[in-house]
Amino acid sequence: DTAVSQTPKYLVTQMGNDKSIKCEQNLGHDTMYWYKQDSKKFLKIMFSYNNKELIINETVPNRFSPKSPDKAHLNLHINSLELGDSAVYFCASSQDIAGGSETQYFGPGTRLLVL
Amino acid sequence: SQKIEQNSEALNIQEGKTATLTCNYTNYSPAYLQWYRQDPGRGPVFLLLIRENEKEKRKERLKVTFDTTLKQSLFHITASQPADSATYLCALPGGDSWGKLQFGAGTQVVVTP
């Protein structure tokens, strides 16, 4: 019944490793997002896809690469992990991206700790 | 993009009282503003959206106002309950990207019995 789900919930890894976080939504939404919430609790958008097309690509290191195999899934792959990548990563979805006034539905978050 | 300011200090309030949170923005007036609630260890949950032509919006014990002259939104929780304890985030359109939401850092509310 979970609307937006993410796996894994926790991810502890060493610097330099490559890892992926997966997101799925069963709401039938067209738009999905990745956000990063740092230790100061600021929630910042990283990427947005609308119908599998990249719409928003914020200033994010190119070690981060999103992939949307279909409009219900948006995965985030991170290469060469660094200490500063430690944060909580949230996936979200909305019905559409029209004007940006759409309600966004968030997943439970993936807590990434890079050692 | 906007600079969004929410009170970083936690708001401690007694059960039954009204909690009032502030969201100030500095640049252009957005077409709408959203409020979300975030509990520890969970993702934000949408509460209310108010448009620029609406002065006030209500949902159960929640009330949001939007003053484009003051560049401010107020979020009120009336008859607060311990279950209202959470962090409340305001969000505005990012401006430079269509569909982008920019979030404030949030204000933590602690309701004590």
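On a predicted model such as this, the values are computed, not experimentally measured, just so you know.

> Can you tell me about the overall build of chain A, naming the residues and giving the values?
The number of helices and strands found in chain A is zero helices and 11 strands. Whereas a compact globule of 115 residues would reach a radius of gyration of roughly 13 Å, chain A reaches 13 Å, a difference of no more than 12%. Over its C-alpha atoms, taken along the principal directions, chain A stretches across nearly 40 × 30 × 30 Å. Restricting the contact set of chain A to residue pairs at least 6 apart, pairs at least 24 apart contribute 55%. When the accessible area of chain A is evaluated, it comes to approximately 5,600 Å², of which 49% is carbon and sulfur surface.

> Quick one: what's the story with the overall build of chain B, residue by residue and with numbers?
If you tally the helices and strands in chain B, you get zero helices and 11 strands. Listed by position from the N terminus, the elements making up chain B come as β-β-β-β-β-β-β-β-β-β-β. Here the C-alpha radius of gyration of chain B, 14 Å, is about what a compact globule of 113 residues would show, namely 13 Å. Judged by the C-alpha coordinates and their principal axes, chain B covers about 45 × 30 × 20 Å. For chain B, with 113 residues in total, the buried portion stands at 44%. Relative to all contacts within chain B whose residues are 6 or more apart in sequence, the contacts with residues 24 or more apart total 54%. Working note: accessible area of chain B is about 5,500 Å², and carbon and sulfur atoms make up 47% of it. Between the mean site of the 13 positive side-chain charges and the mean site of the 11 negative ones, chain B shows a separation of 2 Å.

> Account for the packing of aromatic side chains, with residues named and values stated.
If you walk through the whole model with that rule in mind, you get 12 aromatic pairs over all chains. Between the aromatic rings of Y25(B) and F66(B), the centroid separation amounts to 6.3 Å while the plane-to-plane angle is 70°, which identifies the pairing as edge-to-face. Of the two residues, Y25(B) is situated in strand β3 (residues 19-25) and F66(B) in strand β7 (residues 62-67); the sequence distance between them amounts to 41 residues. Like F66(B), Y25(B) is buried. Here a set of aromatic residues connected by ring pairs shows up, and it is made of Y33(A), Y35(A), F90(A), F106(A), Y36(B), F46(B) and F103(B).

> Could you give me a rundown of the interface of chain A and chain B, with the residues and numbers involved?
The partner chain B presents 20 residues to the 23 residues of chain A that form the contact. Here chain A meets chain B over a buried area of about 1,700 Å², counting both sides, of which 57% is carbon and sulfur. It is L43(A), S101(A) and F106(A) that lose the most area in chain A upon contact with chain B, and together they represent 24% of the buried surface on that side. For the pair chain A and chain B, the number of links is one salt bridge. Of the charged contacts, one joins K100(B) and E58(A) as a salt bridge, the two residues approaching to 3.0 Å between their closest N and O atoms. Where chain A touches chain B, the interface holds five residue pairs in polar contact (both at pLDDT 80 or more). Elements represented by at least two residues in the side of chain A that touches chain B include exactly β4 (31-37), β5 (43-50) and β6 (53-57) of chain A.

> Before we move on, can you summarise the sheet that holds strand β7 (residues 64-70) of chain A with the specific residues and values?
All names here are of chain A. Here we have four strands laid out as an open sheet, ordered β1-β3-β8-β7, and antiparallel in their pairing. Looking at the sheet topology across the chains shown, the edges are occupied by β1 (4-7) and β7. Taking the axes of each pair of neighbouring strands and ignoring which way they run, one obtains an average angle of 20° across the sheet. In terms of strand pairing, β7 meets strand β8 (residues 73-78) through five bridges, oriented antiparallel. Across the sheet, F64 pairs through a bridge with I78, a residue of β8.

> Provide a residue-level description of the state of the cysteines, including the pertinent values.
All names here are of chain A. Applying the stated criterion to the full structure yields two disulfides over all chains. For C23, the disulfide goes to C91, at an S-S distance of 1.9 Å. As the torsion about the S-S bond is roughly -75°, the C23-C91 disulfide counts as left-handed. Within this pair, whereas C23 is found in strand β3 (residues 19-25), its partner C91 is found in strand β9 (residues 87-94), the two being separated by 68 residues in sequence. A residue is classified by how much of its surface remains accessible, and C23, at 2% relative accessible area, is buried. With relative accessibility at 0%, the residue C91 sits in the buried group.

Rules behind the numbers
Residues numbered from 1 in each chain as written. Chains lettered and ligands numbered in written order. Predicted model: local features only at pLDDT ≥ 70, side-chain atom pairs only at ≥ 80, totals over all residues. Heavy atoms only, no water. Helix = DSSP H or I, 4+ residues; strand = E, 2+ residues; numbered from the N terminus. Rg over C-alpha atoms; globule rule 2.2 N^0.38 Å. Contact = heavy atoms within 4.5 Å. Areas by Shrake-Rupley, 256 points an atom, 1.4 Å probe, with all protein chains shown as cover. Buried < 20%, exposed > 50% of the residue type's maximum accessible area, 1.4 Å probe, protein only. Lys, Arg positive; Asp, Glu negative; His and termini not counted. Charge placed at Lys NZ, Arg CZ, Asp CG, Glu CD. Phe/Tyr/Trp six-rings, centres within 6.5 Å; stacked < 30°, edge-to-face > 60°. Buried area = accessible area lost by both parts, 1.4 Å probe. Salt bridge = Lys/Arg side-chain N within 4 Å of Asp/Glu carboxyl O. Polar contact = N/O pair within 3.5 Å; in protein donor to acceptor, adjacent residues only side chain to side chain. Pairing = 2+ DSSP bridges. Axes fitted to C-alpha atoms, helices over the stretch in contact; angles between N-to-C directions. Disulfide = S-S within 2.5 Å.

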